[in-house]
Every structure is written in C-alpha cells, then in structure tokens.
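Given next are the chains, with one letter for each unit.
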Amino acid sequence: MARPGVILPILQNWSCHNCGGCCREHQIVITAEEKKRIDKQKWKTADGVVDDRPLIVAHGDRFRLNHQADGACVFLDEKGLCRIHAKFGEAAKPLACRAYPYAVHPSGNSVTVSLRFSCPSVVQNLGEPVAQQRKNLEALAQEIVPSNYTAPKAPPFGSGQQPLTWPDVTLLLAFIERGLSAGKASFVTRLLRVLSWLELLEQTPDDALRGDPLGRLLPALHEASVRAFPDDTAPLLKPTSIARTMFRQFVAQLLRHDTELTARGGLMERLRLLSDGVRFTLGRGRVPEMADPISVRVAFSRGIAESMDASTGSNQMPTFSQLEGEFGGRNPEFDELFVRYFRVKLQGLHFCGAAFYEMSFIDGFRSLALMYPATLWVAHMRATRDGRSTVALPDVQAALATVDHNFGYSPALATAGSKKRIRQLAKMQQITALCSWYSR
Ligand code: SF4
C-alpha cells in the first residue's frame, strides 16, 4: 500500500529552544525495542547519569525512562540538554522525545500533523516554519503510523453517531477554518457564529450531512449565523450559574499538573487535588495556589515581568469573583494567537475522533471552543495574581501553554462525566454564553 500523504499545518513555526520543560515534566514511555537500544548504549556513572536508581523502569506492559530526584529525566544533564542526543545523536532518542511537540494522526488516506501548545516555542510561534520541515515530518510520520496502516473511519458528526465520510469532514473543517479566520469581527464573534451553525447542522436529517447537500447547506447556515451575530456589538451572553460551575470544573481539570513529582506525592497529593476540585466547584474564596509548569516558568516569567504596568507584584491568588469581572479579552493580538491555535488543531484533527478521546466531531469542536474562555480565564488569573490590572499577550500565551498540556492527553478529560458535561453545556446552550462572557 502507498504511504499516506502527510498534511502539515500552515501558519505555524517551531524549533526547540531548550527550555527543558518536556524533559522535566513528561513521562517518557518506551517500547521493549527502545529499551534494548538504550541498554546497548551502556550508560555509566562516568557519563554523568545517576547511579542511585535504574535508568529504565517497567510501565504497564511497556517501560519508561526513570526520573532524577528533582523530577527531571535521568538523561537530562545540568545544562538542560539530553545526554543521549549529545552522545549518540538525535536519532538515538526514544520516539516520544523526537515526536514532541508534534502529534501525528491518521485521517482517511492521509496523516495529519498537529502541535502541542504546551511547548512555549509553539505557543510563541518561534523557529522554522513547520511547512519547511516536511522531510523530517514525513520520516517521523512513517515511524509513528505502522506500515500495515488501515484508514480509520471518520468520527461521527454528533453523539447520535450520524456517520460522516472523510470528504465531509474535510469540507466541514474548511468551512470552520474559513469562518474563524476571515472577516472584521473579533475572534469571539466568529467563534459564536461557527458554534451556532454547527448546532443548526446537528438538527438536520442525517442525509443532509453528506456530499452535495452538505456543500449546499453550509453557506446558508453561515449566512444565518452572521445574521444572529452580525458584529461585535451583539449583546453579551451571560452564562447561568450552573454553567459557570461546570466551566470551572473544566478549567480545574485543565490546570491539573500531573508530573513524576506529584505522582510521588501519594495520598497527600490526592487529597490536595480533591480539595482543589471542591474549591473550583464551589467557586468561593480564593483560587487555589497552583505551580506553573517548568516550561511556562522558564519561557514567560521574564516576558511577563517586562510587560508589567504599575505592578504591585502581590503574587496573591485572586478570588473567583474577581475573575468574573471584565478585563478586555477581545484584543487583536490575542485573536491572532487563537486563530493560529484553532487552525493547527483543526488541520491536525486534534480535537475529535481517535486523537481526542473518541469524541464526535461536534462535541470535540465544542471542547476546543471552550479552550478559548478557559485560556482567557487562566490569563486573567495570572495577571491578577501578579498584581496587574491588564492582561498582556504573554499572560495569554502562558495560559494556553498551561491548559493545552492536558487537552487531549489528560485521562481526567476522557471520563464519561467529562464528556457528558460538554453535551449538557451544549444542550443548555451555554457554550456560546461562556465564550461570550469570558471574552469581555
Ligand atoms: S531522553 Fe533526552 S530528550 Fe528524552 S526526556 Fe530524557 S533528556 Fe529529554
């Protein structure tokens, strides 16, 4: 069978800037073959690796690289560089290390490439254009997608399991992308339009969801959504109290910061997580203290400090009610970041189907849409915590790097309860309200 074509995101740059975050906080799971390869590299204490623990440990039916006392990978050196890379070259590293921050997913007869915005270089769009890295990414995709690859089925449109074909998915994606990217209205208005026409589409009979009928329907639905949300002067939608509670639970799951060190925390750590979950659900008092991921600390603390206005630098967590106030989230710089984020996730199919907890197309898109208010909420929290009255672009970038770490990867978001929450919010027509309210 011919190798599938590889679809790369446009509008995105990336090169590694050695923040070391991924080598300090991710668990690197490896295959038996990779273990054998690393064993053959014959690492000794003289090479600088730790000698008080095994370098590789069992992980279910596979293995994982062990961590040093401070949580960093056993192969990370004092300068924040990989010893395997330094001694044997990049190709000698485990596949998981070489793939990050890329995410490769089969889709029909193609393979799509997305990126994880948990990497600060991705979120800041730093480095070489991804489109110019085709050769390397094709080689990586060949390693990730097995040679006996069979094209997976397209995700269903909704939870009613209305089937979609891959060409219909492509058509829908192109229409969503166009709707989010074009026009004078702010990003949130464009997002509300897309959410509203997708909702209308959900109510149409299954046979309108494919081929020519779908192609004819989409422009009419888009027109109707523009009439519903003509411009940025459309009245703000206020979410209900129950919707805000469910939203905070979603944010709490995105802010979970599970690392090797927290895994070692045992019962105390589990109790802390439980207590944080209760506080986010109640939404009273102060937001619980949460440490920023290392990559966010390394990449953003300076940028944010530089952008501070008359800062009090209080570093006190804000109250939940403070974060219900207006803060000016509709900003062209933030919008540009969100357009890029959404386009990368859409082009890489990094929001539905096998790449996203087997969620349907529309529920996956609704989850992605909620990343917009969630990111702005966290950005607002960061700025207020640091004693600033305005939110700057580095706050939004740092917030997106923090929450995208879990999006599509945290098992907490894969539970039946989490999936049901997305459907309930949609049923109560609260996803649009949440996007509108937390953008103001
Ligand atoms: S093996 Fe190297 S690249 Fe992979 S996590 Fe460890 S230090 Fe980082």
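For every chain, the first residue of its written sequence is number 1, and the numbers climb from 1 along that sequence. Only residues with pLDDT of at least 70 get local features here, since the model is predicted, and only at 80 or more are side-chain atom pairs given and counted; chain-wide, interface and lining totals rely on the full set of residues. Heavy atoms throughout the structure, all of them, feed into the side-chain values; hydrogens and water do not.

Draft legend 1. View of the packing of helix 7 (residues 166-181) against helix 8 (residues 187-202). Convention adopted: a line fitted to C-alpha atoms gives each axis, helices being fitted over their contacting stretch, and angles between N-to-C directions are expressed from 0 to 180 degrees. Segments assigned H or I by DSSP are reported as helices when at least four residues long, segments assigned E as strands when at least two residues long, and all are numbered from the N terminus. Direction vectors running N to C along helix 7 and helix 8 enclose 150 degrees, while the axes themselves pass 8 Å from each other. When the axes of helix 7 and helix 8 are compared, the pair comes out roughly antiparallel. Note on element contacts: helix 8 touches helix 7 through Phe-187, Arg-190, Leu-191, Val-194, Trp-197, Leu-198 and Leu-201, opposite Leu-172, Phe-175, Ile-176, Gly-179, Leu-180 and Ser-181. Looking at the contact of helix 7 with helix 8, its residues break down into 10 nonpolar, 2 polar and 1 charged. Should an angle fall under 35 degrees it is called roughly parallel, over 145 degrees roughly antiparallel, and 65 to 115 degrees roughly perpendicular, with every other angle called oblique. Note on contacts: a residue pair qualifies if any of its non-hydrogen atoms lie within 4.5 Å across the two residues. Throughout, the ten residues Ala, Val, Leu, Ile, Met, Phe, Trp, Tyr, Cys and Pro are labelled nonpolar, Asp, Glu, Lys and Arg are labelled charged, and all others, Gly among them, are labelled polar.

Draft legend 2. Seen up close, the site of the ligand. The rule for a residue being near a molecule or strand is that one of its heavy atoms must lie within 4 Å of it. All residues adjacent to the ligand are Cys-23, Ile-28, Leu-65, Cys-73, Phe-75, Leu-76, Cys-82, Lys-93 and Cys-97. A class-by-class count of the residues in the shell around the ligand yields 8 nonpolar, no polar and 1 charged.

Draft legend 3. Quick look at the pairing of strand 5 (residues 102-107). Summary of the burial criterion: residues with accessible area below 20% of their type's maximum are buried, those above 50% are exposed, and those between are partly exposed, where the area comes from a 1.4 Å probe applied to protein chains only. Counting buried positions along strand 5 gives 5 out of 6 residues, so the element sits mostly inside the fold. Only when DSSP finds a minimum of two bridges between them are two strands counted as paired. In the sheet, strand 5 pairs with strand 6 (residues 110-115) via 6 bridges, with the strands oriented antiparallel. The residue bridging Ser-107 from the neighbouring strand is Ser-110, located in strand 6. Between the end of strand 5 and the start of strand 6, which pair antiparallel, lie 2 residues, with Gly-108 showing a positive phi angle near 55 degrees.

Draft legend 4. Unusual backbone geometry, seen in detail. Geometrically, the link from Tyr-100 to Pro-101 is a cis peptide bond, its omega value of 5 degrees lying close to zero. Structurally, Pro-101 is set in the loop between helix 4 (95-99) and strand 5. At Asn-125, a residue that is not glycine, the phi angle is positive and equals roughly 60 degrees. Counting through the fold element by element, Asn-125 comes out in the loop between helix 5 (120-123) and helix 6 (134-144). Not every positive phi belongs to a glycine, and Tyr-357 is a case in point at roughly 55 degrees. Secondary-structure assignment places Tyr-357 in the loop between helix 14 (332-347) and helix 15 (361-385).

Draft legend 5. Up close: the confidence of the model for the chain. A residue's pLDDT is simply how confident the predictor is in it, with values from 0 to 100. Taken as a whole, the chain shows an average pLDDT of 90; of its residues, 95% reach a score of 70 or greater. Least confident of the elements in the chain is helix 11 (residues 260-263), whose mean pLDDT is 70; most confident is helix 15, at 97.

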